[in-house]
Amino acid sequence: MELQKIETHRSFGGQQTKYRHLSETLHCEMTFSVYLPETTVENQEIPLIWWLAGLTSTDDNFSIKGGFQRYAAEQQIAFVMPDTSPRGDVADSEDWDLGQGAGFYLNATQEPWKKDFQMYDYLTKELTEIIYSLIPNLSGKESIMGHSMGGHGSLVIGLKNLARFASISAFAPISNPSNVPWGQKAFTAYLGADQATWSEWDATELIKKETTSQPPILITQGTADPFYEVQLNEEAFLTAAESAKHEVFYQKEEGYDHSYFTIATFVEQHIAFHATYLKQ
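Keep in mind that this is a model prediction, so the values were computed, not measured.

Conventions we followed
Residues numbered from 1 in each chain as written. Predicted model: local features only at pLDDT ≥ 70, side-chain atom pairs only at ≥ 80, totals over all residues. Heavy atoms only, no water. Helix = DSSP H or I, 4+ residues; strand = E, 2+ residues; numbered from the N terminus. Buried < 20%, exposed > 50% of the residue type's maximum accessible area, 1.4 Å probe, protein only. Contact = heavy atoms within 4.5 Å. Salt bridge = Lys/Arg side-chain N within 4 Å of Asp/Glu carboxyl O. Polar contact = N/O pair within 3.5 Å; in protein donor to acceptor, adjacent residues only side chain to side chain.

By secondary structure assignment, the location of Ile131 is in helix α3 (residues 119-134). Relative accessible area serves as the criterion here: at 0%, Ile131 is assigned to the buried category. With 77 residues separating them in the primary sequence, Ile131 and Lys208 have C-alpha atoms 31 Å apart. Excluding its chain neighbours within four sequence positions, the residues that come into contact with Ile131 are Phe32, Val34, Leu48, Trp50 and Val80.

Here it is in structure tokens:
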């Protein structure tokens, strides 16, 4: 597997690097970014946080606008930022919320998507192997977080891999996609009309399952988010989490919206939350 380094930048003592590779899972070239903090102790073990971006985003959005590097450096935590979907000569849609830029972090089963739109397998298998090879002295501890569609992805991937992730967090997540327009549109296209197949990719359904491992979850939602009432209503997810006795810290922040201004404001809090569990 040939890995091409596209660019690298020094940031708060660490290195922010963007890579390109040919994905065997997605059958196209993919980019991703990694932040490695400058370690203060020789052979210091470094934990890892995955960041999953939202609709229309790439690995650049959080890298450039998230403001996380200072806090990752302070906490001595590495970050990986994948892209949101396959790119290039693969299936696409004229709709902004379907196709390239809108992979929804699942494994598609329907044409024309199923050949290439296997984002869950790409992230949890192929890219995972690459990332592990790029982080010296990886501690073996991981957490996952994301925004909007990426918040959906972080919840779903975290809840499907309970033993792997120490903690989960999300900004304005699509937490019950089976019952909101964004999710219904994507799931119908990628998974088909049979809604019985959707539960595997819906965090509200996944959190209901009995398990001995329950990583804590932090969710931040702005009250001025224009997508909140129609796309992001959290009631079903929080009710399911309460019934399952799964620890969820849910906070509404007055006047904050769906943008990276909100993410940059509260990202320090989210990183500190993860650090508590990554360093146990």
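Attention now goes to the pattern of salt bridges. The full count for this structure, using the stated rule, is 14 salt bridges. Among the ionic pairs, Glu205 bridges to Lys208, the shortest N-O distance being 3.2 Å. Residue classification places Glu205 among the partly exposed positions, given a relative accessible area of 30%. Looking at Lys208, the relative accessible area reads 47%, which means it is partly exposed. The partner of Lys252 in a salt bridge is Glu234, and the shortest N-O contact between them spans 3.8 Å. Within this pair, whereas Lys252 is found in strand β9 (residues 248-253), its partner Glu234 is found in the loop between α7 (228-231) and α8 (235-243), the two being separated by 18 residues in sequence. Judged by relative accessible area, Lys252 falls into the partly exposed class, the value being 45%. By relative accessible area, Glu234 is classed as buried at 12%. Each of Lys18, Asp59 and Asp60 takes part in salt bridges that share partners, so that together they form one network.

Glancing now at the side chain of Ser23. Relative to the assigned elements, Ser23 resides in strand β2 (residues 14-23). A relative accessible area of 2% means that Ser23 is categorised as buried. Here Glu126 takes part through its side chain, which lies 2.8 Å from a polar atom of the side chain of Ser23. When near neighbours in sequence (up to four residues on either side) are disregarded, Ser23 contacts Cys28, Met30, Tyr122 and Glu126.

To continue, consider unusual backbone geometry. The residue after Glu111, namely Pro112, is reached through a cis peptide bond having omega 0 degrees. Take Pro112: it is sitting in the loop between β5 (78-82) and α3. Notably, Ser148 is not glycine yet its phi reads approximately 60 degrees, a positive angle. Mapped onto the elements, Ser148 comes out in the loop between β6 (138-147) and α4 (149-160). The backbone phi angle of Ala172 is positive, close to 45 degrees, even though this residue is not glycine. Its location among the elements puts Ala172 in the loop between β7 (165-171) and α5 (181-191).

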